[in-house]
Amino acid sequence: AAFMAGALWGQDLALGQTPLPLLMISNVLALTAWAASLALPGPAFELALTVIFIVLLLVDVRLWRVGTIAGRYLTLRAVVTTIVCTALLVRTFSI
């Protein structure tokens, strides 16, 4: 999750001005993932990661809507996010 949040940094730096405060969003999400890894037990941490991945996808949807990112990238992100979130949820509820 922190790596995906860091991808927002690259987008912000490459684009200069974006419709969202990407540096702030990426830092908040990366620090939230880090804090969750320290503070939450396994299942709660996995749920927190699931929420963070969904929020990251929603940020990408917003960037796509304003024409900042390509549709192919968004499609890839949606597929990968679905796989990751499904795996996290299976793991969370199989314990």
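Residues numbered from 1 in each chain as written. Predicted model: local features only at pLDDT ≥ 70, side-chain atom pairs only at ≥ 80, totals over all residues. Heavy atoms only, no water.

Novice: When you look at the overall build of the protein in this model, what are you seeing that I'm missing?
Specialist: Of regular secondary structure, the protein possesses four helices and zero strands. When its helices and strands are written in sequence order, the protein yields α-α-α-α. In summary, the protein has a C-alpha radius of gyration of 14 Å against a globular reference of 12 Å for 95 residues, a match within 12%. C-alpha atoms of the protein, sized along the principal axes, occupy 45 × 25 × 15 Å. Going through the 95 residues of the protein one by one, you find that 33% of them count as buried. Put simply, of all contacts in the protein between residues at least 6 apart along the chain, 61% involve residues at least 24 apart. (Helix = DSSP H or I, 4+ residues; strand = E, 2+ residues; numbered from the N terminus. Rg over C-alpha atoms; globule rule 2.2 N^0.38 Å. Buried < 20%, exposed > 50% of the residue type's maximum accessible area, 1.4 Å probe, protein only. Contact = heavy atoms within 4.5 Å.)

Novice: What am I meant to see in the packing of helix α2 (residues 22–39) against helix α3 (residues 42–65) here?
Specialist: Axes are the key here: two packed helices are described by the angle between their axes and the distance separating the axes. Relative orientation of the contacting elements α2 and α3 amounts to 170°, with a least axis distance of 9 Å. Between α2 and α3, the angle falls in the class roughly antiparallel. For the pair formed by α2 and α3, the contact residues are L22, I25, L29, T32, A33, A36 and S37 on the first element and F45, A48, L49, I52, V55, L56, V59 and L63 on the second. Per-class residue counts for the contact of α2 with α3 are 13 nonpolar, two polar and no charged. (Axes fitted to C-alpha atoms, helices over the stretch in contact; angles between N-to-C directions. Parallel < 35°, antiparallel > 145°, perpendicular 65-115°, else oblique. Nonpolar A, V, L, I, M, F, W, Y, C, P; charged D, E, K, R; others polar.)

Novice: Got a minute to help me understand the nonpolar core in this structure?
Specialist: Note that soluble globular proteins tend to have their nonpolar side chains buried in a common cluster. Counting residues in each nonpolar core, the largest one holds 19 residues, and the members touching the most others are L8, L56, V59 and L63. Sort the elements by how many residues they give to this core and α3 lands first, with seven residues. With sequence-adjacent residues up to four places away left out, L8 is seen in contact with L22, I25, S26, L56, V59, D60 and L63. (Core = buried A, V, L, I, M, F, W, Y, C linked by side-chain atoms within 4.5 Å.)

Novice: Explain α2 to me, please; I cannot follow it from the model alone.
Specialist: Helical geometry: 3.6 residues make up each α-helical turn, so side chains three or four residues apart lie on a common side. With 18 residues, α2 extends 25 Å between its outermost C-alpha atoms, agreeing within 8% with the 26 Å of an ideal straight helix rising 1.5 Å per residue. Every buried residue belonging to α2 is among L22, I25, S26, L29, A33 and A36, and all of these are buried. Looking straight down α2, one finds its buried side chains confined to an arc of 100°; they lie on one side. Turned more than 90 degrees from where α2 packs its buried face, M24, L31, W34, L38 and A39 sit exposed. Summarising the contacts, the buried residues of α2 are in contact with α1 (2–15) and α3. (Expected span 1.5 Å × (residues − 1). Arc of directions from axis to C-beta.)

Novice: Can you help me understand empty space enclosed by the protein in this one?
Specialist: The probe, sized like a water molecule, is rolled over the atoms to show the empty space still left. By the definition in use, this model includes one cavity of 30 Å³ or more. Counted as a void, the largest cavity has a volume near 40 Å³. Along its surface, the largest cavity is lined by M4, A7, L8, Q11, L56, D60, Y73 and R77. Looking at the lining of the largest cavity, the elements that each hand over two or more residues are α1, α3 and α4 (71–93). Broken down by element, the residue count for the lining of the largest cavity peaks at four residues, all from α1. (1 Å grid on protein atoms, 1.4 Å probe; cavity = no way out; pocket = protein on both sides within 12 Å on 5 of 7 lines; lining within 4 Å. Points joined across faces, edges and corners; volume = space filled by probe spheres on them.)

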